[in-house]
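A structural walkthrough
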Amino acid sequence: MAKTKKQPRPKAQTPKGFRDYFGEEVTQRTEMLRAIAGVYHHYGFDALESSAVETVEALGKFLPDVDRPNAGVFAWQEAEEGDKGDWMALRYDLTAPLARVYAQFRNDLPSPYRRYAMGPVWRNEKPGPGRYRQFYQCDADTVGTASMAADAEICMMLSDTLETVGIPRGDYLVRVNNRKVLNGVLEAMGLAEDDPKRDDVLRTIDKFDKVGEAGVRELLTKGRLDASGAFIDGVGLGEAQADPVIAFLTSKADDVAGTMANLRNAVGDSKVGQDGIAELEQIGELLAASQYGADRVLIDPSIVRGLGYYTGPVFEAELTFEILDEKGRKRQFGSVSGGGRYDGLVKRFTGQEVPAVGVSIGVDRLLAALREKGRLAATPTGPVVVTVMDRDRMADYQAMVAELRKAGIRAEVYLGNPKNFGNQLKYADKRNSPIAVIEGGDEKAQGIIQIKDLILGAKIAENATLEEWKERPSQFTVARGELVAKVREILESQEQ
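Cut-offs applied
- Residues numbered from 1 in each chain as written.
- Predicted model: local features only at pLDDT ≥ 70, side-chain atom pairs only at ≥ 80, totals over all residues.
- Heavy atoms only, no water.
- UniProt positions renumbered as here; feature names shortened; annotations may be inferred.
- Helix = DSSP H or I, 4+ residues; strand = E, 2+ residues; numbered from the N terminus.
- Buried < 20%, exposed > 50% of the residue type's maximum accessible area, 1.4 Å probe, protein only.
- Pairing = 2+ DSSP bridges.
- Axes fitted to C-alpha atoms, helices over the stretch in contact; angles between N-to-C directions.
- Polar contact = N/O pair within 3.5 Å; in protein donor to acceptor, adjacent residues only side chain to side chain.
- Contact = heavy atoms within 4.5 Å.

The protein chain carries the name Histidine--tRNA ligase in an unreviewed UniProt entry, which gives Tritonibacter litoralis as its organism. If you open the UniProt record of the protein chain and go to Subunit (unreviewed entry), you find "Homodimer." The heading Catalytic activity (unreviewed entry) in the UniProt record of the protein chain holds the text "tRNA(His) + L-histidine + ATP = L-histidyl-tRNA(His) + AMP + diphosphate + H(+)".

Pro-112 follows Ser-111 through a cis peptide bond whose omega is 0°. Here Pro-112 shows up in the loop between helix 3 (95-105) and strand 5 (113-122). The phi angle at Gln-291 is positive, at roughly 65°, despite the residue not being glycine. Counting through the fold element by element, Gln-291 comes out in the loop between helix 10 (271-289) and strand 10 (297-299). By relative accessible area, Gln-291 is classed as exposed at 69%. Despite not being glycine, Asn-432 has its phi angle at roughly 55°, a positive value. Tracing the backbone shows Asn-432 in the loop between helix 14 (421-430) and strand 16 (435-438).

What follows deals with the sheet that holds strand 16. An order of 15-14-16-17-18 is seen for the 5 strands of this open sheet, with the pairing classed as mixed. One side of each edge strand has no neighbouring strand; the edge strands of this open sheet are strand 15 (411-413) and strand 18 (475-479). Neighbouring strand axes in the sheet, compared pairwise and without regard to direction, differ in orientation by 25° on average.

Here we come to the UniProt feature "binding site: L-histidine" (unreviewed entry) in the protein chain. If you check UniProt for "binding site: L-histidine" (unreviewed entry), the listed places come out as Asp-93, Leu-94, Thr-95, Arg-123, Gln-137, Asp-141, Arg-305, Tyr-309 and Tyr-310 in our numbering. Mapped onto the secondary structure, Arg-123 falls in the loop between strand 5 and strand 6 (134-143). A residue is classified by how much of its surface remains accessible, and Arg-123, at 6% relative accessible area, is buried. A polar contact is formed between the side chain of Arg-123 and the backbone oxygen of Tyr-92, at a distance of 2.6 Å. Of note, Asp-141 is situated in strand 6. Residue Asp-141 is classed as buried on the basis of its relative accessible area of 2%. Ignoring sequence-local partners within four residues, the contact set of Asp-141 consists of Phe-45, Thr-95, Leu-98, Tyr-113, Arg-114, Arg-115, Tyr-342, Val-357, Gly-358 and Val-359. A distance of 2.6 Å separates a polar atom in the side chain of Asp-141 from a polar atom in the side chain of Arg-115.

What follows is the structure, encoded as C-alpha cells:
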C-alpha cells in the first residue's frame, strides 16, 4: 500500500509585492492620518468610507498609472452558473469609488459634496523597491462645482496639511498646471482631437523631467539614443511643429504674469488654451488673496504628470529637500501628492457631466519623508509593565494596571512565565516600556512598591560612573497608594 504523501507546510512569507506593518509603523501612520483628517475636517470636508470592493464596470478604465488599466487591478468573477456572475475588483484608488457613490446617492447628498477618505488601495502591478501592491491613500474631493475657488482651496489645504504633519515651509512646493493649456498647445501644433499622435505627444511630454528640453524635442521629431545606447523612435513631427510643446514646457518665468504671457505665446489662438490660462490666473489671484505665496503654491507649466487623466487644473506636492539614494547620491525626495480636476468621471454613471476636483496624498511616501527629516520618533514609548513576582497574586497586579489605565496611563501586566524575573525586564525593554512596577511578598507586607525608571536606568548604564549611578537612582520605593502619582511624575520627567 502506497504511503500517503504528506501535505507540505505552507511557507510563512508575505505575498510578493505586499508587506506587513508592525506596532511602530501602524502607530505612526495612525497619528499622521489623524493629523491629516483634522486639516480636512477644519476645511469643512466630511468623512466617507466606501467599500474596498467595486464592480469592474464601476471602476472603469481610469487607472492613470498603467498603460492597460484592466491589467492593473485584482479582479475575480462571482461564482454563478454559466459564467454570468459580476466581475469584482479591489479598488485601485479612492476617486473611482467616489464617482460611484456620488452617482448612487446624489439626491441625498449636499451639492457641492465635499468628502475625504482614507484607506488602502491595491494595484496589480509589478512590484519593485519601495513600490508595493497595497498602499494607503488619503483623499479629499469636491464634487459638483466648476468654480476655481475649489481648486485653489485644495492647493491651500494641501499646503496646510504638509506643514501640519511636520514638513516645514521651504521643504515643499505645491505646483499647479492645467490640462486645458496643454490641449491648446496640441491645437497650436495642428493636431486634431482624433489624431493618434496626440497620445504620443502626451507620453513624450510626460518624460520632460527625465530627458529635459533637448530630449523631448528629439523624441517629438527624429528620435534619440537612450542612456543604454538603444534608439527610441520619435513621434515624427517637424521642428516647427514641436516648438509649441517646448515653449509650453519652458514657459515658467520669474513671476506669474511672465509665465502667463509665455503660455499665451505657446497656445496661440486656441480658445481652450486661453481658457486654461484664465483658470490658472483665477487660481493665482485666489491664492494671493489668502496669502499663499509662491514659496508654498506655484504656477508651474513643467508639471505634466497625470495630464492624461485630468480635464483642467492639476497639482503636485513635491518635497524639495535632498536625500541620499541607495547609491549614496544626492537627490530631491520628490512627489508625495497629486490631484486635479476630473469633470468626466461621474458622467459615466449619470450621462451628465459633473465637475469635480480632488487631491490624493501618498501616506507611505509622506511617512518616509518624515523619517528622512527626523520628524518621527524611531521607537515610540511602550506601556508601563507591572511585573509578576507571585503568580498567585495576579489579582493584585491587575488592580495596579486598572488604576493606571483609569488615570489615562498605558499599562499592562506581564503575562508570560514569571519564573525568571530577568526575562520580565527583557520583555519590558523589547516593548520600549518607560517604567516597570515591582511588588514582591516583602513589599506587599510593608505596603510599598518598587518603581523602576527604565529610560533613566538605560541612560545611566550607558554613561555614568558608579558614584553617579548611586547619586542618580533609577529605582524608587513608594507607598502602594502613591503608584499613580509616582508613575505620572516619572513619565513627565522623561518627556522633558
